[in-house]
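Here are the chains, one letter per residue:
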Protein chains: 2
Amino acid sequence: MSDLIYKAKKVKEASKKLMNLSENEKNKALSCISQKILEKMDFILQENQKDMENAISKGIKGALLDRLKLTEDRIKQICKGIEDVIKLPDPVGEVISMWKRPNGLVIGQKRVPIGAIGIIYEARPNVTVDAAVLCLKAGNSVLLRGGSEAINSNIALVKTMKEGLIEAGIEEGSIEIVEDTSRETAVAMMKLNEYLDLLIPRGGANLIKTVVQNATVPVIETGVGNCHVFVDESADFEMAKRIVVNAKTQRPGVCNAAEKLIVHKNIAESFLPMIVKELMSKGVEIRGCSKTVEICKQNGIEVKEATEDDWYTEYLDLIMGVKVVDSVEEAIEHINKYGSKHSEAIVTRDYFNAQKFLDYVDAAAVYVNASTRFTDGFEFGFGAEIGISTQKLHARGPMGLKELTTIKYIIYGSGQVRE
Amino acid sequence: MSDLIYKAKKVKEASKKLMNLSENEKNKALSCISQKILEKMDFILQENQKDMENAISKGIKGALLDRLKLTEDRIKQICKGIEDVIKLPDPVGEVISMWKRPNGLVIGQKRVPIGAIGIIYEARPNVTVDAAVLCLKAGNSVLLRGGSEAINSNIALVKTMKEGLIEAGIEEGSIEIVEDTSRETAVAMMKLNEYLDLLIPRGGANLIKTVVQNATVPVIETGVGNCHVFVDESADFEMAKRIVVNAKTQRPGVCNAAEKLIVHKNIAESFLPMIVKELMSKGVEIRGCSKTVEICKQNGIEVKEATEDDWYTEYLDLIMGVKVVDSVEEAIEHINKYGSKHSEAIVTRDYFNAQKFLDYVDAAAVYVNASTRFTDGFEFGFGAEIGISTQKLHARGPMGLKELTTIKYIIYGSGQVRE
């Protein structure tokens, strides 16, 4: 715990120095970080090997184990990511607008760093570098708290990044990692209002929930995606099939993958058996509403019935809930009730239904005739992403460098006082 | 408590209807509200009288009692405020930017209401109408929780506003008030993530702190202002005097009034006695650092010594802490340590010190050669104000209608899927 406070203080102090660094200074630091990581490749791989061995001995395997693993290629990929961030324009210092008041005061709205940012995340060690580098480019210091599985890799990466900072002549306290991965320390970190300006949790629904419930530091919720594709009665069946299959199966483990399919009743008998067969042929387990189960049965397809819980669930797996609705209004109501306000899509030829869906679905990203899989900082053209916000304050949807800044009013006077 | 949940649900439901109202529909509702308040003047005054009698019997007097009091003139003023909000442009629906991606997806960033907003505030009944009207104009529903002293006035005002809503054909659940003013119910309201999208506390430091400590609903902190004026060695003395006196005395009970004066050591012996005498002649009590006390003593002025606590305190009264510093850097450090990140001013002729102050002071509004008293939605030209944010997420400084909105990505596709 004393380690937490010590580091939080260092991060806060460093944030004051970072606030006004030039773009050149920050890019130099990023470049030094990238070089150091390449230089210290063997050390990082060796520390990662410890995490891998611990994980294997705990019985972790498959995708989870793979997420933890670093290789020479993966580390090169991480450094390639840093080079990409270097190329992005620095958002800090932009004066978004400036106006003159009748009394002669000149008021400007200037983009400035947020300050000290806490990131609480789960297994993948690449997040350690990604998050630190994005925070740094936007002039923020960062206090990282990764999962216990990756702790040796994370400590090694932070140690290496610090060497890069020192080489660039930047405060090494700009990047710190909490080495104690206990839950108590994580909860204590969530209450460090004195030192942290913002907390971003990155991970599964339980992590996000824990942070929202415990944090007194302002939080940006990210990532939980219970996303829907609604196929309207006027949809082009081929397009609908392509979009549903892509949204569900192209990468089922990510937050912008679709978890639910909603089908208009007027096309259910023709469209449903086709899409369900197609999804099943791709290995997708279907959980249907009673109508879906019935229609499938009539077509000789056995489908499991969905429970109330299913409609709320983000599977992150090859499972899809399927529901038949009477109207676009019912689809919207269902989505607003059960969805996680992430990404929602309608497939339709109808102008008014498209507009209604865009206007009334309450989510970060609402699509007409496209896959939900595009909700992503890179796909949106931001060049980077620290997470996808599913809440409404400060940032919504993919968060790039701009979302890691705030504004400050700068006011130029010539002796004005208030009458 | 069941009343709280019942009303929170109503507010959430209403927010869905408000989301897509046209500007004309919202303005009509505001107009009906204003008319109803004028019509029901006697009823409102009579309910206010009950609050006044209760307050007097509890020994409340002076400024606090005056804040509670409604008069025919004050109610007319409230309605004038509504007319002003009607004239403001509706921020909702603006597409801030729209771009086309290489794959043909057209991505737009559209301004939308936040949803259901909770406002927790203290005594003044005019906030009940102000807050409700601003939320409504920006397409949000509102759950109000005012102080117990004004409960009869608040209930009467909300009842009257609801009559206006009904006349305009708008969901009456758009404006609700929590009638139980117990602390337990307030704390329960702070955890209603299911129904509230945002919580704005308006009031003293203790209220804000309670909300930050207890809320799980996202909060925008407002209002606490421990503001400083730094008089640099190169300052024009006359200008400095005018600004310090204005910032301290023009309206000492508000958050953008200055609480602290910082003076460069090189001018302390000449400037300090002059400004201290001037402030004292206006009834200001001075609490100085040891140097201030000493210099004043040499000039035959008795000044109380400030404690460490003083530097953190927002007096909201005719009291001013005074500190002598060695440099602009020390002034900035002091402000960043003890300030509340509200409004900070430097009086200087020096270009580099002005820029340094603007760059390194971490506050919502940073002034060169002007009084801190200008941090205000009206003075900034926003035409309205729901509060002044002293935190960094979502909104910073005076919050107008725009700050009561969020964005939503709307994406127009033609069948795109992710490769």
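Definitions and limits used
- What you see as residue numbers is a count from 1 along each chain, following the sequence as written.
- Chain letters start at A and ligand numbers start at 1, both assigned in the order the entries are written.
- In keeping with the model being predicted, local features are shown solely for residues with a pLDDT of at least 70 and side-chain atom pairs are shown and tallied solely at 80 or more, while totals for entire chains, interfaces and linings include all residues.
- Water and hydrogen atoms were dropped before computing side-chain values, which therefore reflect all heavy atoms in the structure.
- Only residues with pLDDT of at least 70 in both copies contribute their C-alpha atoms to the least-squares superposition of the copies.
- Any two residues whose heavy atoms approach within 4.5 Å at even a single point are treated as in contact.
- UniProt positions are given in the numbering used here, feature names are shortened, and annotations may be inferred rather than shown by experiment.
- Secondary structure counts use DSSP, requiring at least four H or I residues in a row for a helix and at least two E residues in a row for a strand, with both numbered from the N terminus.
- Space inside and on the surface of the protein is sampled on a 1 Å grid over the protein atoms alone, with a cavity defined as a set of points where a 1.4 Å probe fits but cannot get out and a pocket as an open set with protein on both sides within 12 Å along at least 5 of 7 lines; lining residues have an atom within 4 Å of a point.
- Grid points are joined across faces, edges and corners, and a volume is the space filled by probe spheres set on the points.
- Gly counts as polar in this scheme, as do all residues outside two lists: the nonpolar Ala, Val, Leu, Ile, Met, Phe, Trp, Tyr, Cys and Pro, and the charged Asp, Glu, Lys and Arg.
- All axes here are fitted lines through C-alpha atoms, helices being fitted over the stretch that makes contact, and every angle between N-to-C directions spans 0 to 180 degrees.
- Our angle categories are set so that under 35 degrees counts as roughly parallel, over 145 as roughly antiparallel, 65 to 115 as roughly perpendicular, and the remainder as oblique.
- Definitions for this section: a left-handed crossing has its near helix turned counterclockwise from the far helix by less than a right angle. A right-handed crossing has that turn clockwise.
- Classification of residues uses two cut-offs on accessible area relative to the type maximum, computed with a 1.4 Å probe and protein chains only: under 20% is buried, over 50% is exposed, and between them is partly exposed.
- Strand pairing requires that DSSP identify at least two bridges connecting the strands.
- A patch consists of residues exposed above 30% relative accessible area that lack any salt bridge, with like charges linked at up to 9 Å and nonpolar side chains (Val, Leu, Ile, Met, Phe, Trp, Tyr) linked at up to 5 Å.
- Here the open area of atoms and residues is found with the Shrake-Rupley method and a 1.4 Å probe, where only the protein chains shown may cover a residue.
- By salt bridge we mean one thing: a side-chain nitrogen of Lys or Arg within 4 Å of a carboxyl oxygen of Asp or Glu.
- Here the quantity called buried area is the accessible surface, traced with a 1.4 Å probe, that two parts lose on coming together, added over both.
- Whenever two N or O atoms come within 3.5 Å, that pair is a polar contact, provided that in protein one can donate a hydrogen and the other can accept it, and provided that, for residues adjacent in sequence, both atoms are side-chain atoms.
- What counts as a disulfide here is a pair of cysteine sulfur atoms lying within 2.5 Å.
- All domain edges in this entry derive from an automatic or database-based domain assignment.

**Q** So what exactly am I meant to see when it comes to the relation of the copies chain A and chain B here?
**A** For the pair of chain copies, the relating transformation is a rotation about an axis with a translation along it. Taken as rigid bodies, chain A and chain B are interconverted by a rotation of 180° and an axial shift of 0.0 Å, the fit giving an RMSD of 0.0 Å. Those values place the two copies in the arrangement expected of a two-fold rotation axis. Taking C-alpha positions as the reference, the residue of chain A nearest the rotation axis is A:His394, at 1.7 Å. When you check the interface residues of chain A against chain B, 100% turn up at the interface there too, and the contact is symmetric in its surfaces.

**Q** Would you take a moment to explain the UniProt feature "domain: Aldehyde dehydrogenase" (unreviewed entry) in chain A for this structure?
**A** Mapped onto this numbering, the UniProt entry gives "domain: Aldehyde dehydrogenase" (unreviewed entry) at residues 35-279 of chain A. Secondary structure across residues 35-279 of chain A comprises 49% helix and 18% strand; the distance between its end C-alpha atoms is 45 Å.

**Q** Looking at this structure, I do not really get empty space enclosed by the protein. What am I missing?
**A** Regions of empty space are outlined by a rolling probe, equal in size to a water molecule, passed over the atoms. Tallied over the full model, the rule gives 2 cavities of 30 Å³ or more. Approximately 280 Å³ is the volume found for the largest cavity. Lining the largest cavity we find 19 residues, and of these A:Pro218, A:Val219, B:Val217, B:Pro218 and B:Val219 sit closest to its centre. Each residue belonging to the lining of the largest cavity can be placed in one class, and the counts come to 12 nonpolar, 5 polar and 2 charged. Lining of the second largest cavity is provided by A:Asp359, A:Asp362, A:Arg396, B:Met19, B:Val112, B:Pro113 and B:Lys408. Class assignment of the residues belonging to the lining of the second largest cavity gives a composition of 3 nonpolar, no polar and 4 charged.

**Q** When you look at the packing of helix H2 (residues 23-39) of chain A against helix H7 (residues 151-167) of chain A in this model, what are you seeing that I'm missing?
**A** Geometrically, a packed helix pair is captured by the angle between its two axes and the distance between the axes. All names here are of chain A. The interhelical angle for the contact between H2 and H7, taken along N-to-C directions, is 135°, at an axis separation of 8 Å. By the angle between their axes, H2 is oblique relative to H7. The element H2 and its partner H7 pack so that their crossing is right-handed. From H2, Lys28, Ala29, Cys32, Ile33, Gln35, Lys36 and Ile37 reach across to H7, where they touch Thr160, Met161, Glu163, Gly164, Leu165 and Glu167. When the residues that make up the contact of H2 with H7 are grouped by side-chain class, the tally is 6 nonpolar, 3 polar and 4 charged.

**Q** Explanation requested: the pairing of strand S2 (residues 106-113) of chain A in the structure shown.
**A** Note on strand geometry: in a regular strand, side chains alternate between the two faces of the sheet. All names here are of chain A. Counted residue by residue, S2 has 7 buried out of 8 residues, so it is predominantly covered. In textbook terms, the turn of a hairpin is the stretch between consecutive antiparallel strands, and for strand S1 (residues 95-100) and S2 this stretch comprises 5 residues, one of which, Gly104, has a positive phi near 95°. Where S2 lies against strand S16 (residues 405-416), 8 bridges are found, and the strand directions are antiparallel. Opposite Val106, over in S16, you have Tyr412 as the bridge partner.

**Q** Just checking my understanding: could you explain the sheet that holds strand S13 (residues 365-370) of chain A for this structure?
**A** Two pairing modes exist for strands in a sheet, parallel and antiparallel, and in both the strands are linked by backbone hydrogen bonds. The strand order S10(A)-S9(A)-S11(A)-S8(A)-S7(A)-S12(A)-S13(A)-S16(B)-S2(B)-S1(B) describes an open sheet built from 10 strands, whose pairing is mixed. With one partner strand each, in any of the chains shown, strand S10 (304-305) of chain A together with strand S1 (95-100) of chain B form the two edges of the open sheet. Relative to S10(A), strand S9 (residues 285-288) of chain A runs parallel, the two sharing 2 bridges. Within S10(A), the position partnered with A:Arg287 by the bridge is A:Lys304. Against the sheet, helix H11 (residues 265-281) of chain A contacts strand S7 (227-231), strand S8 (258-264), S9 and strand S11 (319-325) of chain A, and its axis sits at roughly 150° relative to S8(A). Where helix H14 (residues 328-338) of chain A meets the sheet, it contacts S7, S8, S11 and strand S12 (343-347) of chain A, and its direction lies at approximately 140° from that of S11(A).

**Q** Would you mind going over a nonpolar patch on the surface with me for this structure?
**A** Residue and element names in this part refer to chain B. Side chains of Val95, Met98 and Tyr412 sit close together on the surface and give an oily, nonpolar patch of about 250 Å² of accessible area. You can see Tyr412 is positioned in strand S16 (residues 405-416). What makes Tyr412 partly exposed here is its relative accessible area of 32%.

**Q** Any chance you could explain the interface of chain A and chain B here in plain terms?
**A** Quoted interface sizes are often the accessible area lost when the parts come together. Contact with chain A, which involves 71 residues of that partner, is made by 71 residues of chain B. Roughly 6,100 Å² of surface becomes buried between chain A and chain B when both sides are summed, with 52% attributable to carbon and sulfur atoms. Interface area lost by chain A to chain B is led by A:Leu393, A:Tyr409 and A:Arg418, which between them contribute 14%. For A:Lys392, the salt bridge goes to B:Asp197, with nearest N and O atoms at 3.6 Å. Across the chain A-chain B interface, the total number found is 51 residue pairs in polar contact (both at pLDDT 80 or more). The set of elements that each furnish at least two residues to the side of chain A that touches chain B consists of S2, helix H9 (205-214), helix H10 (237-249), helix H15 (351-360), S13, strand S15 (397-399) and S16 of chain A.

**Q** Is there a simple way to explain the state of the cysteines in this structure?
**A** Defined simply, a disulfide is a covalent bond joining two cysteines at their sulfur atoms. Residues and elements named next belong to chain A. Applying the stated rule across the entire model yields 0 disulfides over all chains. Free cysteine: Cys255, not disulfide-bonded; nearest cysteine sulfur from Cys227 at 6.9 Å. Under the relative-accessibility criterion, Cys255 is labelled buried at 19%.

**Q** Before we go on, may I ask you to explain the domain arrangement of chain A in this structure?
**A** All names here are of chain A. Under the domain assignment, chain A is made up of domain 1 (2-221 + 391-411) and domain 2 (227-374). With 4 residues of domain 1 in contact, the opposing surface of domain 2 contributes 5 residues. Overall, the association of domain 1 and domain 2 removes approximately 370 Å² of surface from exposure, summing both partners, and the carbon and sulfur fraction of that is 40%. Interface area lost by domain 1 to domain 2 is led by Lys392, Arg396 and Gly397, which between them contribute 70%. Put simply, domain 1 and domain 2 have 2 salt bridges between them. With a closest N to O distance of 2.9 Å, Arg396 and Asp362 form a salt bridge. At the surface where domain 1 touches domain 2, the tally comes to 2 residue pairs in polar contact (both at pLDDT 80 or more). A class-by-class count of the residues in the side of domain 1 that touches domain 2 yields no nonpolar, 1 polar and 3 charged.

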